Amino acid sequence: MTTHPATTPSYDEYAQLPIIDLSAADRGPQARALLHAQLHSAAHDVGFFQLVGHGVTQAETDALLTAMRAFFDLPQADRLALDNVNSPHFRGYTRTGDERTGGARDWRDQLDIGAERPAHIPGPGEPPYWWLQGPNQWPTALPELRTAALAWIDKLSGVAQRLLHELLTAIGAPADFYDPIFGDHAHPHLKLVRYPGSANDGTDQGVGAHKDYGFLTLLLQDTVGGLQVQREDDHFHDVPPLEGAFVVNLGELLEVATNGYLIATNHRVVSPPGATERFSVPFFYNPRLDARVEPLPFPHASTAPGITTDPANPLFAEYGYNELKGKLRAHPLVAERHHGNLLTPA
């Protein structure tokens, strides 16, 4: 039994996402103008694209992937010592099947990592989203993982900032309009994810259909495949792996910022067949937790259709609430142990 509607064949017109070469921004006015036209179309029409020319080296990528695979090769007891159920900040290791999307179990395990900061326990009158700030959990047997993961966060934060500047320019907005809500107190998020193959109950939900909370997501995926994006025909289509590329998608805050002119798109992962493992590394470029996303001034604002209306998934302009909403829903064991007062009664 499958939990998903059938997809259309991979050889149709949606067989590849738009491919954007960020290095074109440095190749003169004509190349940059073409880059902006491509970015505008991809962000407005699809909400997803493949990014090349981003400047991340193979050596940097290999350092992260080597440390990541070493982490998943650790004895289970070492990984469970980092169980995120012990973290009120939703950091650490999630066992296969413990995360939920759309109320259904995701068949993957992962390590959640953020900026390395001290815990901020909300005081009287402070918003509860400050629980999301806190220390990471690291395996003592693998110190190189901390080095590689934090270096990756720094590197991809720079790539994402540059990409956001070019994207805002592409739609006629001030490139630096949102710079004040990022900076040293931005709230980036990194996941190291393993899909262990298909579940033994016949379901194929690696991770269920969802949208991301923040501004931009840059995904490093391996060659196994399984990522699918909901396109204009409302079907989910495969995203073929492209060597050296990041799969980029727009998050809910860009949809809020542009009143729906730029779109956050549903996507999911179908479990690989049998015992085939799939590894992926999504990086989420998010502003400060207390950032309020002001409407973006741009010439196409009058044609914006409005943000998506979904009673089950309200969108908040204050970023911390947008992320906390998702974390409480996705990690019920953490929520029940540490944040029962924030849960909606059944």
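Residues numbered from 1 in each chain as written. Predicted model: local features only at pLDDT ≥ 70, side-chain atom pairs only at ≥ 80, totals over all residues. Heavy atoms only, no water.

As annotated in an unreviewed UniProt entry, the chain carries the name Oxidoreductase and is attributed to Streptomyces diastatochromogenes. What UniProt states about the chain under its Sequence similarities (unreviewed entry) heading is, verbatim, "Belongs to the iron/ascorbate-dependent oxidoreductase family." Check the Pathway (unreviewed entry) section of the UniProt entry for the chain; it says "Antibiotic biosynthesis." (UniProt positions renumbered as here; feature names shortened; annotations may be inferred.)

(A) Region of the structure containing the layout of surface pockets. Here the largest pocket is characterised by a volume of approximately 850 Å³. Taken together, 43 residues form the lining of the largest pocket, with Thr101, Ala209, His210, Lys211 and Asp212 sitting closest to its centre. Of all the elements in the fold, those that place two or more residues in the lining of the largest pocket are β4 (100-101), β7 (189-195), β8 (205-210), β9 (216-221), β12 (246-250), β13 (267-270), β14 (278-285) and α6 (319-330). Top contributing element to the lining of the largest pocket by residue count: α6, with six residues. A class-by-class count of the residues in the lining of the largest pocket yields 16 nonpolar, 14 polar and 13 charged. Considered as a void within the structure, the second largest pocket measures approximately 440 Å³ in volume. (1 Å grid on protein atoms, 1.4 Å probe; cavity = no way out; pocket = protein on both sides within 12 Å on 5 of 7 lines; lining within 4 Å. Points joined across faces, edges and corners; volume = space filled by probe spheres on them. Helix = DSSP H or I, 4+ residues; strand = E, 2+ residues; numbered from the N terminus. Nonpolar A, V, L, I, M, F, W, Y, C, P; charged D, E, K, R; others polar.)

(B) Inspection of the pattern of salt bridges at higher detail. For the structure shown, the criterion picks out 17 salt bridges. Residue Glu323 is joined to Lys327 by a salt bridge in which the shortest nitrogen-to-oxygen separation is 3.1 Å. With Glu323 and Lys327 both in helix α6, this residue pair falls four residues apart, about one helical turn. Across this residue pair, the class does not change: Glu323 and Lys327 are buried. (Salt bridge = Lys/Arg side-chain N within 4 Å of Asp/Glu carboxyl O. Buried < 20%, exposed > 50% of the residue type's maximum accessible area, 1.4 Å probe, protein only.)

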